[in-house]
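A closer look at the structure
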Amino acid sequence: AAADGVGKVAGPQQRVAYVGSYTGFVAGQLGWVGTSEPGVGISIFAFDEVQGTLTGGSASGTVVAQDCPTWLEVDPTATFLVAVHELSHHTGAEAGAGFLSSYRIEPDGGLTKVCTTPTSGRGNTCVTFDRTGRFVLTTRYWEGGIAVLPFDPATGVIAPATSTPVHEGTGPHPLRQSMPHPHGIHGDPNTDIVYAMDLGTDAVHQYTLDTSTGALTPLAAAPRVAMGECSGPRGMNFHPQLPMAYVNCELSGTVVVCSVDKDTGVTPVQTLLAYPKGFVALDHPDNFGKAAFWGAEGVITRDGRWYYYICRVAHQLAIFHVQPNGTLVGRGHHPLAPKSNARNLTLDVTGKHLLVASQDANCVEVFRIDAESGTLTKTDSAHAPCAADVAVV
């Protein structure tokens, strides 16, 4: 159902938060999901950006049914929401079965389906826009590749894929790195370089996007940049002012700070462990990632002063202070809900709040950010079954 009533409160403090989820599984069917409560699609909440509170969601029936919308991305004009269908063989999806759905964001916060377009592969763990807003970029985790699809910013229509490269290589971890597994994909905010973070090959694969045809070609100067053995690169965030990027690595529990060059792409300059010193994640009962660590996504604040990283298993957020040159200094950790195993996190429109999709705790947690100290104050927690991602407009 559309979000009747959501977003109708007058005044600048009223926003809408969309929460994606894993759907259609039974307990234990998805090896990386600990909760036994599946989601039902995209839950829609009203978000008070002054108080930092959420109302609505599945408890009030404000849900758009969709299979596994585990990553949600708002287009640059804030007119459309694009959601992945993260399908896998674990629930019977056949090879090549992957989709993106586009929705128009209505004035009341409801969503109206525009289209559902095939991606040529399962495991669409991420979807983002290139810098022009005319292409969507997605991963095909279970098929070892990525895809580019044209996007019409006037209508929200996603056209068939124009490029579907497949990666090659493996990594040292026998379970997690037996083949390429692109997990995150992002376009450079200033150039036509596209970065695909490949958990299976311990590398960032770099491409040039032809914005006239939608074709991807390996970046001639540096088609592949190593992030460290058994690091498992997962995602990337760009500094809002400096030519720097932050690669969150899942298997090593690290963040790799990189300089960014318009011709050669990223170059690692610093690697930091995000987990608390001495914490042992291997063989921990909450470690469904089956590696030394099980890090998830990261985010940098709009002023470029603070970077946060999800430490699954430890159920904490790592807090890093961004230095004037873009490198990081650790500033401790903040607890998440028990058994959180959060999957993703996002800033609200003001940049003053952090919303965390605490997957295995079946909730979205909201924290107010202290701009001077980077510390977090919890302002709310809302029930959201198997929450996987949050987008705010």
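Residues numbered from 1 in each chain as written. Predicted model: local features only at pLDDT ≥ 70, side-chain atom pairs only at ≥ 80, totals over all residues. Heavy atoms only, no water.

So, on to the overall build of the chain. Summing up its helical and strand segments, the chain has zero helices and 29 strands in all. Its C-alpha atoms give the chain principal-axis dimensions of about 50 × 45 × 40 Å. Among the 393 residues that make up the chain, the fraction classed as buried is 60%. Looking at the chain alone, contacts between residues at least 24 apart form 53% of all its contacts between residues at least 6 apart. Only carbon and sulfur atoms are counted for the fraction: they give 55% of the accessible area of the chain, which is about 14000 Å². (Helix = DSSP H or I, 4+ residues; strand = E, 2+ residues; numbered from the N terminus. Buried < 20%, exposed > 50% of the residue type's maximum accessible area, 1.4 Å probe, protein only. Contact = heavy atoms within 4.5 Å. Areas by Shrake-Rupley, 256 points an atom, 1.4 Å probe, with all protein chains shown as cover.)

By the definition in use, this model includes three cavities of 30 Å³ or more. Approximately 50 Å³ is the volume found for the largest cavity. V19, G20, S21, G39, V40, G41, S43, S58, A384 and P385 together form the lining of the largest cavity. Secondary structure elements with two or more residues in the lining of the largest cavity: strand 1 (14-21) and strand 2 (41-48). Residue classes in the lining of the largest cavity are distributed as four nonpolar, six polar and no charged. (1 Å grid on protein atoms, 1.4 Å probe; cavity = no way out; pocket = protein on both sides within 12 Å on 5 of 7 lines; lining within 4 Å. Points joined across faces, edges and corners; volume = space filled by probe spheres on them. Nonpolar A, V, L, I, M, F, W, Y, C, P; charged D, E, K, R; others polar.)

On to the sheet that holds strand 23 (residues 316-322). The four strands lie next to each other as 21-22-23-24, forming an open sheet whose pairing is antiparallel. At either end of the open sheet lies a strand with only one pairing partner, and these are strand 21 (295-300) and strand 24 (328-335). Going from strand to strand, the sheet's axes swing by 20° on average, the running direction of each strand aside. (Pairing = 2+ DSSP bridges. Axes fitted to C-alpha atoms, helices over the stretch in contact; angles between N-to-C directions.)

Moving on, we get to the nonpolar core. Most often, soluble globular proteins have nonpolar side chains that are buried together. Core analysis: the biggest nonpolar cluster contains 27 residues, and Y22, Y246, Y307, Y309, F320 and L328 have the highest contact counts within it. Elements represented by at least two residues in this core include exactly strand 18 (244-249), strand 19 (254-261), strand 22 (306-311) and strand 23. Excluding residues that lie within four positions of it along the chain, Y307 makes contacts with N237, Y246, N248, V255, G298, V299, I300, A318, I319, F320, V322 and L328. Counting residues in hydrophobic clusters, the runner-up holds 24 residues, among them V84, F135, L149 and F151. (Core = buried A, V, L, I, M, F, W, Y, C linked by side-chain atoms within 4.5 Å.)

The next point concerns the environment of T138. Counting through the fold element by element, T138 comes out in strand 10 (residues 135-140). Look at T138 and you get buried, because its relative accessible area is 0%. Only 2.7 Å separates the side chain of T138 from the backbone oxygen of C126, close enough to count as a polar contact. (Polar contact = N/O pair within 3.5 Å; in protein donor to acceptor, adjacent residues only side chain to side chain.)

The rolling of a water-molecule-sized probe over the atoms marks out the regions of remaining empty space. There is about 1200 Å³ of room inside the largest pocket. For the largest pocket, the lining is made up of 36 residues, of which E73, H186, N237, R302 and T346 are closest to its centre. At the level of secondary structure, the elements contributing two or more residues to the lining of the largest pocket comprise strand 5 (72-74), strand 9 (127-129), strand 12 (182-187), strand 17 (233-238), strand 21, strand 25 (344-347) and strand 29 (387-392). Residue composition of the lining of the largest pocket, grouped by class: 17 nonpolar, 10 polar and nine charged. The space that makes up the second largest pocket amounts to roughly 340 Å³. What lines the second largest pocket is a set of 20 residues, among which W32, Y141, W142, R176 and F288 lie closest to the centre. Tallied by class, the residues present in the lining of the second largest pocket amount to seven nonpolar, six polar and seven charged.

Turning next to the pattern of salt bridges. All told, the structure shown has 12 salt bridges when counted by the stated rule. Among the ionic pairs, R131 bridges to D192, the shortest N-O distance being 3.0 Å. Of this pair, R131 sits in the loop between strand 9 and strand 10 while D192 is found in the loop between strand 12 and strand 13 (193-198), placing the two residues 61 residues apart along the sequence. Residue classification places R131 among the partly exposed positions, given a relative accessible area of 44%. For D192, a relative accessible area of 25% corresponds to the partly exposed category. One network of salt bridges, with partners in common, ties together R176, R234, E250, E297 and R312. (Salt bridge = Lys/Arg side-chain N within 4 Å of Asp/Glu carboxyl O.)

Let's shift gears to the pairing of strand 10. With respect to burial, strand 10 is a largely interior element, six of its six residues being buried. Judged by which residues are buried, strand 10 turns out to be covered on both faces: F135, L137 and T139 on one side and V136, T138 and R140 on the other are all buried. Looking at chain direction, strand 9 and strand 10 are connected through three bridges and run antiparallel. Residue F129 lies in a different strand from strand 10, and its bridge partner there is V136. What sits between strand 9 and strand 10 in their antiparallel hairpin is a turn of five residues, with G133 showing a positive phi close to 75°. The loop that links strand 10 with its antiparallel partner strand 11 (residues 145-150) comprises four residues; one of these, G144, has a positive phi angle of about 75°.

Strand order in the open sheet made by the three strands is 9-10-11, with antiparallel pairing throughout. Because the sheet does not close on itself, it has two edges, and the strands there are strand 9 and strand 11. In this sheet, neighbouring strand axes are inclined to one another by 25° on average, regardless of whether the strands run parallel or antiparallel.

Let us look at the environment of V392. Inspection of the secondary structure puts V392 in strand 29. Considering only alpha carbons, one finds V392 and D348, 44 residues apart in sequence, at a separation of 5.7 Å. The residues touching V392, leaving out its near neighbours within four places in the chain, are R15, V16, A17, F47, T346, L347, D348, V349 and L355.

Here the focus is the packing of aromatic side chains. Summed over all chains, the structure comprises 11 aromatic pairs. Relative to W142, the ring of W32 has its centre 6.0 Å away and its plane inclined at 40°; by these criteria the two rings are tilted. Of the two residues, W32 sits in the loop between strand 1 and strand 2 while W142 sits in the loop between strand 10 and strand 11, which places them 110 residues apart along the sequence. Taking relative accessible area as the criterion, W32 reaches 14% and is therefore assigned buried. Three or more aromatic residues link up through ring pairs in this structure, and these residues are Y22, W32, Y141 and W142. Taking NZ or CZ as reference, R312 lies 3.8 Å from the ring centre of W294, over its face. (Phe/Tyr/Trp six-rings, centres within 6.5 Å; stacked < 30°, edge-to-face > 60°. Lys NZ or Arg CZ within 6 Å of the ring centre and 35° of its normal.)

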